[in-house]
Amino acid sequence: MASTTVFTIANQKGGVGKTTTAVNLAAALAEQKVPTLLIDLDPQANATSGLGIEKEEGRSVYPVLLGEGNIEDMVVETGRKNLYLLTSETDLAAAEIELAQQEDYLLQLKNALAPLFESGQYRAVVIDCPPALGMLSMNSLAAADYLLVALQCEYLALEGLGQILSVVDRLHEAGVNEELQVGGIIMTMFDVRTNLSREVVEEVRTNLPDQIFNTVIPRTIRLSEAPSFGQSIFEYDKSNPGATAYRNLAKEVIKRFELKKK
Ligand code: ADP
Ligand code: MG
């Protein structure tokens, strides 16, 4: 296994907890001494602002995707130990069009990440995807070792799951990324007060017992407030159940994928 493991958090649906999971899982891995690079691949840049990072002109994932910048020069420090960020920018929406004009348009991100594997500086890369299976998400799936699906505990949760999982098969068949595996399903926004949440988790557990993580992320107001302060849950309210959950999830991820600590 390569010493750097790349995870992409994707789901074509918006509002299911991808960004919240990307930010807090990355922060939790960093806290567990796993040097982690978070890549914000959503033009909405919620992961970037959620960590309170201001985008620097010309320094983002954009030039990286277009093969115009060295990735190591584009990564910014977050002021947190072991946590680094490749910021997004609004123009990333335009990058989708420019990407389409590149020869290896699905492999731009994968090719750009290559120098990181040589340096081995990061043990984990976590990619936050936009809410669509467009060019950007496809680039992240092409570059990833594992797809982590954030799945909201809601009615019909399983419906959208089939679509994202079938993309993995199609990328295999097309020879774009034969190594890509479904790394796991993260149940988000679990509401202890409703039977529905419990039923949805049960249903996923029954259908995909090997995929679902034991840790379920609870719905808590503190998780939704933290980004407006530019903080992860560990900075905003480290004893909150949301913080405990993401810390447990990070431990599960470290174990399941044998991530190496520093
Ligand atoms: P996505 O990236 O999939 O669009 P987000 O992570 O941005 O989803 O989450 C959508 C909304 O739900 C945001 O307002 C976020 O703060 C909120 N949210 C996400 N996870 C939780 C949670 N566990 N508890 C409460 N609110 C949450
Ligand atoms: Mg998002």
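Residues numbered from 1 in each chain as written. Chains lettered and ligands numbered in written order. Predicted model: local features only at pLDDT ≥ 70, side-chain atom pairs only at ≥ 80, totals over all residues.

### Examining the overall build of the chain
What counts is decided by this rule: Only DSSP runs of H or I reaching four residues or more are called helices, and only runs of E reaching two or more are called strands; each is numbered from the N terminus. The reference for a compact globule is 2.2 Å times residues^0.38; the radius of gyration itself is calculated from the C-alpha atoms. Exposure classification rests on a simple neighbour count of other C-beta atoms within 10 Å of a residue's own: a residue reaching 20 or more is buried, one at 12 or fewer is exposed, and one in between is partly exposed. C-beta atoms are placed from the backbone.
Counting its secondary structure elements, the chain contains twelve helices and seven strands. Radius of gyration (C-alpha) of the chain: 17 Å, near the 18 Å computed for a compact globule of 262 residues. If you line up the chain on its principal axes, its C-alpha atoms span 50 × 40 × 35 Å. Scored against the burial criterion, the 262 residues of the chain give a buried share of 46%.

### Observations regarding the site of ligand 1
To keep things clear, this is the line we draw: All residues are tested the same way: a C-beta atom is placed from the backbone, and lying within 6 Å of a molecule or strand makes the residue near it. Here the term charged refers only to Asp, Glu, Lys and Arg, the term nonpolar to Ala, Val, Leu, Ile, Met, Phe, Trp, Tyr, Cys and Pro, and the term polar to all other amino acids, Gly among them.
Residues in contact with ligand 1 amount to 17 residues; listed here are only the nearest, G17, K18, T19, T20 and S224. Mapped onto the shell around ligand 1, the elements with two or more residues apiece are α1 (18-31) and α10 (221-225). The element best represented in the shell around ligand 1 is α1, accounting for three residues. Class assignment for the residues of the shell around ligand 1 results in five nonpolar, ten polar and two charged.

### Examining the pairing of strand β2 (residues 36-40)
In plain terms, the rule: At least two bridges found by DSSP between two strands are what make those strands a pair.
Counting buried positions along β2 gives five out of five residues, so the element sits mostly inside the fold. Alternating positions in β2 separate into two faces, T36, L38 and D40 on one and L37 and I39 on the other, with burial throughout. Note: β2 against strand β5 (residues 124-128), five bridges, orientation parallel. Note that in β5 the partner of L37 across the bridge is V125.

### Examining unusual backbone geometry
For L156, which is not glycine, the phi dihedral falls at a positive 70 degrees. By the element assignment, L156 lies in the loop between β6 (146-152) and α8 (157-173). For L156, a count of 8 C-beta atoms within 10 Å gives the class exposed.

### A closer look at the nonpolar core
How we decide: Defined on buried residues, the nonpolar core groups Ala, Val, Leu, Ile, Met, Phe, Trp, Tyr and Cys residues joined through C-beta atoms within 7 Å. Contact between residues is assigned whenever the C-beta positions, reconstructed from backbone atoms, fall within 7 Å.
Within the largest apolar cluster, 79 residues are counted, with the highest numbers of intra-cluster contacts made by L25, A26, L38, V125, V126, V149 and L151. Broken down by element, this core gets its largest block of residues, eight residues, from α1. Not counting residues up to four positions away in its chain, the partners in contact with L151 are V16, A157, L161, I185, I186, M187, T188 and V204.

### Re the UniProt feature "domain: AAA" (unreviewed entry) in the chain
Going by this rule: UniProt positions are given in the numbering used here, feature names are shortened, and annotations may be inferred rather than shown by experiment.
As recorded in UniProt, the sites labelled "domain: AAA" (unreviewed entry) are residues 5-182. Taken end to end, residues 5-182 is 42% helix and 19% strand, and its two terminal C-alpha atoms sit 13 Å from one another.

### Notes on α8
How we decide: Think of the arc as the fan of directions from the helix axis to the C-beta atoms.
Looking only at α8, the buried set comprises A157, L161, I164 and L171. For α8, the arc enclosing every buried residue in end-on projection is 85 degrees, short of the 170-degree limit, so these residues lie on one face. Among the exposed residues of α8, those pointing more than 90 degrees away from its buried face are E159, G162, Q163, S166, D169, R170 and E173. Residues of α8 that are buried make contact with β1 (5-10), α7 (135-143), β6 and α9 (195-207). At the exit of α8 stands G175, carrying a positive phi of roughly 70 degrees.

### Quick notes on helix α6 (residues 108-119)
Those residues of α6 that sit buried are Q108, L109, A112 and L113. End-on, the buried residues of α6 take up no more than an arc of 105 degrees, which puts them together on one face. Residues of α6 that are exposed and point over 90 degrees away from its buried face: A114 and E118. Structurally, α6 contributes buried residues whose contacts are with β1, α3 (61-65), α4 (71-74), α5 (92-100), β5 and α7. G120, located one to two residues past α6, shows a positive phi value of around 65 degrees.

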